[in-house]
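# Descriptive analysis of the structure
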Amino acid sequence: MISTGLAMNMRWIVFTAVNVMVFVLLPEIQRCDGLGVNWGTMASHKLPPKTVVQMLKDNGITNVKLFDADSSTLSALAGSGIQVMVAIPNAHITAMTNYNAAKKWVSKNVTRYLFHGGVDIRYVAVGNEPFLTSYNGSYLNVTFPALQNIQKALVDAGLETKVKATIPFNANVYESPVENPVPSAGRFRPDIGDLMKDITQFLNQHDSPFSVNIYPFLSLYLNKDFPVDFAFFDGTDAPVVDGEIKYTNVLDANFDTLISALKGIGLNDMAVMIGEVGWPTEGDVNANVPLAQRFYTGLLKRMATNQGTPLRPGKYIETYLFGLLDEDAKSIAPGSFERHWGIFGYDGQPKFQMDLSGQGQNKMLVGAKNVKYLPQQWCVLNPDVKDRSKLGENVNYACANSDCTALGYGSTCNGMDMEGNVSYAFNMYFQVQNQNEEGCFFQGLAMVTTKNASQGTCEFIVQIDSHSPVVRPSMPLFLVSSLFILLVHLLAI
Ligand SMILES: *[C@@H]1O[C@H](CO)[C@@H](O)[C@H](O)[C@H]1NC(C)=O
Ligand SMILES: *[C@@H]1O[C@H](CO)[C@@H](O)[C@H](O)[C@H]1NC(C)=O
Ligand SMILES: *[C@@H]1O[C@H](CO)[C@@H](O)[C@H](O)[C@H]1NC(C)=O
Ligand SMILES: *[C@@H]1O[C@H](CO)[C@@H](O)[C@H](O)[C@H]1NC(C)=O
Ligand SMILES: *[C@@H]1O[C@H](CO)[C@@H](O)[C@H](O)[C@H]1NC(C)=O
């Protein structure tokens with residue numbers, strides 16, 4: 001349980017009775033009110049949504065942020081008590097500039113789930129980081145009108161006090177000027193300054209928070225001169241001095257740059273939530289388990305003590321970790337680390353020790369239960385093959401159609417010999433192909449083995465069986481209840 005500071009949080013006070021009940025029923029679970037996770041689903045093999053929801057509950061995670069409004073995900077969240085942010089993907093923002101489309105979206109993807117025992121939807125995200133410079137301004141003209149329509153649709157549905165519309169922004173919508181690079185000089189990016197002002201004032205008028213994604217890992221990744229310690233929370237020799245304030249970590253400095261930008265448009269007290277924050281575990285020299293653990297330990301401790309930032313001391317910040325699970329089908333345009341942001345691996349098992357309550361205890365998160373895996377077999381290079389001239393093209397094919405990012409420099413599978421590399425690639429493809437026989441052919445270069453092919457730090461995975469039907473409580477019970485329903489119907493007639 002996060003201690004004292006949380007008492008200032010209204011929601012905590014309101015839900016005290018509920019929390020007490022939970023403690024009575026499940027005394028070992030520590031609930032972390034306001035601690036959320038981002039649940040992305042860009043994976044070749046997805047865990048059943050019900051399995052994931054159980055995992056969230058087992059870890060006391062109270063808030064979840066989605067990137068769409070997928071009906072199987074939302075059905076699994078029904079009755080869980082977990083607070084949910086649903087989202088309109090960027091590709092659908094333009095459609096929402098039509099009010100009727102926005103109204104339909106809210107009706108189908110929000111109102112529909114708000115029955116008793118349904119989904120506790122609290123936010124609708126309009127787009128995801130729509131003003132990234134890499135989108136070349138594609139969403140600059142449509143995002144605000146879409147937000148206004150969604151807000152109006154929420155009002156018309158009578159939901160304006162329960163469900164808030166917001167836009168998850170990337171931290172690059174604000175900055176400090178080059179000539180005065182300190183948080184107190186923060187301002188919205190001049191090229192979108194007027195738009196950001198209009199949007200932010202609109203959000204504030206409707207009591208919606210400003211939502212921002214902050215990535216200390218990316219600060220380090222994108223800037224070779226970045227002082228490593230400044231990305232973490234255990235002090236640095238080179239703090240950023242801003243008047244009386246000494247910033248010792250980039251998260252605070254970044255957050256306060258936003259606070260200054262808000263102040264600049266007269267919104268001193270506007271609520272801010274961190275929509276994404278986290279650290280990846282593969283795909284770069286700084287993306288690994290020890291650094292991820294160092295980052296999360298510091299972050300969670302800070303959240304627990306509720307100290308806030310120099311410009312927002314003591315205030316409670318709703319925070320969503322990024323992300324819940326590894327996603328092997330994400331684009332690696334930003335970097336190989338992109339598929340390895342999960343605090344859980346692809347199969348819902350924890351990667352490292354993490355204490356969500358912020359007490360820094362050495363304990364593991366509770367992994368997904370009853371995960372069904374494919375058979376324990378791997379695809380490897382056939383050692384009897386003599387002609388190796390076609391290895392290159394086959395490895396390229398395997399990696400282009402699966403995830404070989406763990407082979408790269410700084411990752412756990414880097415440093416194997418050539419045979420190891422080839423086998424790793426073959427196996428990743430074979431697993432993505434659900435271990436189909438044809439998935440381990442490669443012009444006769446490959447063979448299936450039941451001997452665990454993992455080497456050293458490099459795990460050769462066995463994929464999860466995501467094609468099996470969702471596990472029901474038990475077949476007889478299911479049959480009995482169907483029979484019962486049938487009988488009720490017959491008797492009614
Ligand atoms: C509701 O959300 C789903 C999933 O994101 C989307 O495919 C669908 O088009 C949305 N419904 C409407 C009516 O816009
Ligand atoms: C943005 O522009 C660049 C360069 O012109 C182009 O390569 C890229 O595909 C564009 N991106 C989008 C999302 O339109
Ligand atoms: C956005 O609107 C401006 C001004 O009307 C226009 O110049 C620009 O081309 C528009 N951008 C897009 C991506 O439609
Ligand atoms: C194995 O693959 C990695 C990543 O492509 C590469 O850096 C490394 O040099 C390869 N090793 C050998 C021995 O080919
Ligand atoms: C294979 O071996 C690795 C490394 O010892 C281990 O982590 C992994 O769990 C094993 N896989 C299976 C399916 O037993």
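On a predicted model such as this, the values are computed, not experimentally measured, just so you know.

What follows deals with the overall build of the protein chain. Helix and strand counts for the protein chain stand at 13 helices and 17 strands. Considering only contacts in the protein chain between residues 6 or more positions apart, those separated by 24 or more positions represent 70%.

Let us now look at the state of the cysteines. Within this structure, the stated rule accounts for 3 disulfides. What pairs with Cys 379 in a disulfide is Cys 440, and their sulfur atoms sit 2.1 Å apart. The disulfide joining Cys 379 to Cys 440 has a torsion of about 85 degrees about its S-S bond and is therefore right-handed. Note that Cys 379 is positioned in strand E16 (residues 378-381) and Cys 440 in the loop between helix H12 (418-432) and strand E17 (446-449), a separation of 61 residues in sequence.

A few words on the site of ligand 1. Taken together, Asp 68, Ala 69, Lys 104, Trp 105, Lys 108 and Asn 109 form the complete shell of residues around ligand 1. Within the backbone of Ala 69, one N or O atom sits 3.1 Å away from an oxygen atom of ligand 1. Separating an oxygen atom of ligand 1 from a side-chain N or O atom of Asn 109 is a distance of 2.3 Å. Protein contacts shield 63% of the accessible area of ligand 1, which totals 360 Å² for the unbound molecule. Taken together, the residues that form the shell around ligand 1 break down as 2 nonpolar, 1 polar and 3 charged.

This part covers helix H3 (residues 49-58). Within the span of H3, buried status applies to Thr 51, Val 52, Val 53, Met 55, Leu 56 and Asp 58. Trailing H3 by a residue or two, Gly 60 shows a phi angle of about 70 degrees, which is positive.

Omega for the bond connecting Phe 322 with Gly 323 falls within 30 degrees of zero, at -5 degrees, which places this linkage in the cis form. Looking at where Gly 323 falls in the secondary structure, it is placed in the loop between strand E15 (319-321) and E16. With a phi close to 60 degrees, Asn 306 is a non-glycine residue in the positive phi region. In this fold, Asn 306 is placed in the loop between helix H10 (289-305) and strand E13 (308-309). Residue classification places Asn 306 among the buried positions, given a relative accessible area of 7%. Unusually for a residue other than glycine, Gln 435 sits at a positive phi of about 60 degrees. Within the element layout of this structure, Gln 435 appears in the loop between H12 and E17.

Our focus in this paragraph is the pattern of salt bridges. Proximity of charged atoms lets side chains of opposite charge pair with each other. In the structure shown here, the tally under the stated rule is 15 salt bridges. Measuring nitrogen to oxygen at the nearest pair gives 2.9 Å for the salt bridge that ties Asp 191 to Arg 189. The class for Asp 191 is exposed, based on a relative accessible area of 57%. A residue is classified by how much of its surface remains accessible, and Arg 189, at 10% relative accessible area, is buried. One connected set of salt bridges, linked through shared partners, spans Asp 120, Arg 122 and Lys 162.

Summarising the element assignment, Gln 293 is placed in helix H10. Sequence separation between Gln 293 and Pro 280 is 13 residues; the distance between their C-alpha atoms is 9.8 Å. Among residues more than four places away in sequence, those in contact with Gln 293 are Phe 352 and Gln 353.

On inspection of all chains with the given rule, the structure shows 26 aromatic pairs. Here the aromatic rings of Phe 67 and Phe 322 are separated by 6.2 Å at their centres, their planes lie at 75 degrees, and the arrangement is edge-to-face. Of this pair, Phe 67 sits in the loop between strand E2 (61-66) and helix H4 (71-77) while Phe 322 is found in the loop between E15 and E16, placing the two residues 255 residues apart along the sequence. The exposure class of Phe 322 is buried, given its relative accessible area of 5%. When the ring of Phe 295 is compared with that of Tyr 296, the centres are 5.8 Å apart and the planes differ by 75 degrees; the resulting orientation is edge-to-face. Tyr 296 carries the same exposure label as Phe 295, and that label is buried. Lying over the aromatic face of Tyr 221, Lys 224 brings its terminal NZ or CZ to 5.5 Å of the ring centre. Here Arg 294 stacks its cationic end above the ring of Phe 232, 4.1 Å away from the centre of that ring.

This part is about the confidence of the model for the protein chain. Taken as a whole, the protein chain shows an average pLDDT of 89; of its residues, 87% reach a score of 70 or greater. In this model residues 1-29 is a low-confidence stretch, pLDDT under 50, and it forms 44 contacts with partners more than four residues away in sequence or in other chains. For the stretch residues 468-493, pLDDT sits under 50, and the model shows 2 contacts to residues farther than four places along the chain or on other chains.

By size, the foremost hydrophobic cluster in this structure holds 135 residues, and its most contacted members are Phe 210 and Phe 426. Both of domain 1 (6-339) and domain 2 (378-491) provide at least three residues apiece to this core. Residues in contact with Phe 210, not counting those within four places in the same chain, are Phe 169, Val 173, Phe 188, Met 196, Thr 200, Leu 258, Leu 262, Met 270, Ala 271, Val 272 and Met 273. Listed in part, the 6 residues of the second largest apolar core include Ala 87, Ala 125, Met 273 and Tyr 320.

Take the packing of helix H5 (residues 99-109) against helix H6 (residues 143-156) next. Look at H5 against H6: their axes get within 8 Å of each other, and the N-to-C directions meet at 55 degrees. Taken together, the axes of H5 and H6 are oblique relative to one another. The two elements H5 and H6 cross, and the hand of that crossing is right-handed. Facing H5, whose interface residues are Tyr 99, Ala 102, Lys 103 and Val 106, H6 presents Asn 149, Ile 150, Lys 152, Ala 153, Leu 154 and Asp 156. Taken together, the residues of the contact of H5 with H6 break down into 6 nonpolar, 1 polar and 3 charged.

In helix packing, the relevant descriptors are the interaxial angle and the interaxial distance, both defined with respect to the helix axes. Packing of H6 against helix H7 (residues 193-205) brings their axes to within 11 Å, and their N-to-C directions diverge by 10 degrees. The orientation of H6 with respect to H7, classified from their angle, is roughly parallel. On H7, the residues that touch Phe 144, Leu 147, Gln 148 and Gln 151 of H6 are Leu 195, Asp 198, Ile 199, Phe 202 and Leu 203. Class assignment of the residues belonging to the contact of H6 with H7 gives a composition of 6 nonpolar, 2 polar and 1 charged.

Thresholds applied
Residues numbered from 1 in each chain as written. Chains lettered and ligands numbered in written order. Predicted model: local features only at pLDDT ≥ 70, side-chain atom pairs only at ≥ 80, totals over all residues. Heavy atoms only, no water. Helix = DSSP H or I, 4+ residues; strand = E, 2+ residues; numbered from the N terminus. Contact = heavy atoms within 4.5 Å. Disulfide = S-S within 2.5 Å. Near = heavy atom within 4 Å. Polar contact = N/O pair within 3.5 Å; in protein donor to acceptor, adjacent residues only side chain to side chain. Areas by Shrake-Rupley, 256 points an atom, 1.4 Å probe, with all protein chains shown as cover. Nonpolar A, V, L, I, M, F, W, Y, C, P; charged D, E, K, R; others polar. Buried < 20%, exposed > 50% of the residue type's maximum accessible area, 1.4 Å probe, protein only. Salt bridge = Lys/Arg side-chain N within 4 Å of Asp/Glu carboxyl O. Phe/Tyr/Trp six-rings, centres within 6.5 Å; stacked < 30°, edge-to-face > 60°. Lys NZ or Arg CZ within 6 Å of the ring centre and 35° of its normal. pLDDT = per-residue confidence, 0-100. Core = buried A, V, L, I, M, F, W, Y, C linked by side-chain atoms within 4.5 Å. Domains from an automatic or database assignment. Axes fitted to C-alpha atoms, helices over the stretch in contact; angles between N-to-C directions. Parallel < 35°, antiparallel > 145°, perpendicular 65-115°, else oblique. Left-handed = near helix turned anticlockwise from the far one by under 90°.

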